[in-house]
Amino acid sequence: MSTGPLAELHDKARAVLDPVHYDYYAGGVGDEVVLGENEAAFRRLALLPRVLRGAPTRDLGVDLPGGHLDLPVLVAPTAFHRLAHPEGELATARAAAAAGTVLVSGVASTVAIGDVVAAARAVRAEASVWFQLYPQPDQDVTACLVERAERAGCTALVVTADSPVFGRHRRDAEHGFHDLPAGLAAENMRDLPGGPPGGVRDIGMSPSVSWRDLDRLRELTSLPLWLKGVLHPRDAVLAVEHGVAGVVVSNHGGRQLDLVPAAVEALPAVVDAVAGRVPVLLDGGVRGGGDVAVALALGAAAVGVGRPVLWGLAADGEAGVSRVLAVLRDEVDHVLALCGGRDLADLTPDLVVSRGTGV
Ligand code: FNR
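Residues numbered from 1 in each chain as written. Predicted model: local features only at pLDDT ≥ 70, side-chain atom pairs only at ≥ 80, totals over all residues.

As annotated in an unreviewed UniProt entry, the protein is 4-hydroxymandelate oxidase from Saccharothrix carnea. In its Sequence similarities (unreviewed entry) section, UniProt records this for the protein: "Belongs to the FMN-dependent alpha-hydroxy acid dehydrogenase family." (UniProt positions renumbered as here; feature names shortened; annotations may be inferred.)

Quick look at the structure:
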């Protein structure tokens, strides 16, 4: 993120955040190779627009299992929003609802999921909030979290699969960032069987997580299940066979394994493997409307944004998140117009080429 309104929000966020918390949000795993590659890979791609296909207005809407989006950008699940702003996930939920998009609310939220959904619905009665969870080592805890999400009125579950263990983040280790500040907690994890979690890295990841956990979740709930953190095309096929409603191509924003491809590089093979049976989302490195258009042209139904939302939240609370989503909506609309598109279906793979290799 170098220039433009989103870069300005990032700069402001960096200026106002405690450096320890800024690094927690900004940082990645290991040498942060994948963190950089997620953005750099978009720069290596170019759009090949079509001409003389003008339309007075464009339709940016997309229907997904679990809700309709007015723009093809949703808020990816990120932890602990009250580190960024006192209103935390409440502000994020309001801004997402006002923009007509989905907030994927993390299990590691500093506001309980019931309050997050209520905040979104107070802005827009039909707002959809999805709940992200890690399958827990204790199945009773998983069941309890699912029940909380259902009771809150969430319309889909996002199961994060790329985190059997936590990635090792040097910035956090150097700062000794292990605990939330006094007064903040992972509110969804209160009063669970087995007791509350300890520090920031103790939100119940399970090293033995397996496809059986996904099947159990399938049996526990009738909510649409998205599987997040898929990079290998064979896992995408397995996910479809295990009944998921959709797949999220993601490397966790470069926070888990520092050896994987950029998210957008992993996308085409997953799209091929899924072959239209379920929608595919992408997150990682999306920093502008051009990136959104490229991901959609390569077969994503929509994209998630993580850090840009955190920067908006830190910089200016709900208004900052609204600004991030408004900028992305405006940029996608503009790029679509310049590509000769009327709706998102006009963004097709033939519009994407690699830079430097000719057309
Ligand atoms: C995340 N992400 C994440 N994902 C998830 O499934 N559960 C979680 O609790 C978190 N927490 C989290 C915290 C922070 C600070 C960040 C930056 C990210 C990953 C997130 O959903 C998404 O995959 C990435 O953020 C997308 O990359 P960008 O948009 O940040 O580049």
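J.: So what about the overall build of the protein? Which residues, and what values?
T.: A tally of regular secondary structure across the protein gives twelve helices and twelve strands. For 359 residues, the compact-globule estimate of 2.2 N^0.38 gives 21 Å, and the C-alpha radius of gyration of the protein, at 19 Å, lies within 12% of that figure. Oriented by its inertia axes, the alpha-carbon framework of the protein measures out at about 60 × 45 × 45 Å. Looking at the protein residue by residue over its 359 residues, the buried ones come to 52%. (Helix = DSSP H or I, 4+ residues; strand = E, 2+ residues; numbered from the N terminus. Rg over C-alpha atoms; globule rule 2.2 N^0.38 Å. Buried ≥ 20, exposed ≤ 12 C-beta atoms within 10 Å, placed from the backbone.)

J.: Describe unusual backbone geometry, and please don't skip the residues or the numbers.
T.: Where the residue is not glycine, phi is negative for most of them; where a peptide bond is considered, it is trans in most cases. Notably, Phe-80 is not glycine yet its phi reads approximately 55 degrees, a positive angle. Turning to its location among the elements, Phe-80 is positioned in the loop between β4 (73–75) and α4 (88–99). The class of Phe-80 is buried, set by 23 C-beta atoms lying within 10 Å.

J.: Tell me what's going on with the site of the ligand, and back it up with residues and numbers.
T.: As a matter of local geometry, the ligand sits amid 22 residues, with Ala-76, Thr-160, Gly-253, Gly-306 and Arg-307 nearest to it. Here the shell around the ligand is built from residues that sort into seven nonpolar, eleven polar and four charged. (Near = placed C-beta within 6 Å. Nonpolar A, V, L, I, M, F, W, Y, C, P; charged D, E, K, R; others polar.)

J.: An account of the nonpolar core is requested, with residue identities and associated values reported.
T.: The biggest cluster of nonpolar side chains holds 119 residues, and the ones touching the most others in it are Val-247 and Val-249. Looking at this core element by element, the count peaks at 13 residues for helix α12 (residues 307–338). Residues contacting Val-247, with those up to four places away along its chain left out, are Leu-227, Val-230, Ala-236, Ala-239, Val-270, Val-274, Val-278 and Val-280. (Core = buried A, V, L, I, M, F, W, Y, C linked by C-beta atoms within 7 Å. Contact = placed C-beta atoms within 7 Å.)

J.: Residues and numbers for the UniProt feature "binding site: glyoxylate" (unreviewed entry) in the protein, please.
T.: Taking the numbering used here, the UniProt-annotated feature "binding site: glyoxylate" (unreviewed entry) corresponds to Tyr-24, Gln-132, Tyr-134, His-252 and Arg-255. The topology assignment puts Gln-132 in strand β6 (residues 129–133). Looking at where Arg-255 falls in the secondary structure, it is placed in the loop between β9 (246–249) and α10 (263–274). In this view, Arg-255 contacts Gly-28, Val-29, Gly-167 and His-169; residues no more than four positions away in its chain are not counted.

J.: Account for the confidence of the model for the protein, naming residues and giving values.
T.: With 98% of its residues at a pLDDT of 70 or more, the protein shows a mean pLDDT of 96. Interface scoring of the predicted complex returns ipTM 1.00; its pTM is 0.97. (pLDDT = per-residue confidence, 0-100.)

J.: Outline the pairing of strand β8 (residues 225–230), listing residues and values.
T.: In terms of burial, β8 is largely enclosed, as five of its six residues are buried. Looking at chain direction, strand β7 (residues 156–160) and β8 are connected through four bridges and run parallel. The partner of Leu-157 across the bridge, within β8, is Leu-225. Bridge count between β8 and β9: four bridges; the pairing is parallel. When the bridges of β9 are listed, Lys-228 appears paired with Val-248. As a crossover connection, the stretch from β8 through helix α9 (residues 233–241) into β9 is right-handed. (Pairing = 2+ DSSP bridges. Right-handed = clockwise from strand over helix to strand, strands pointing away.)

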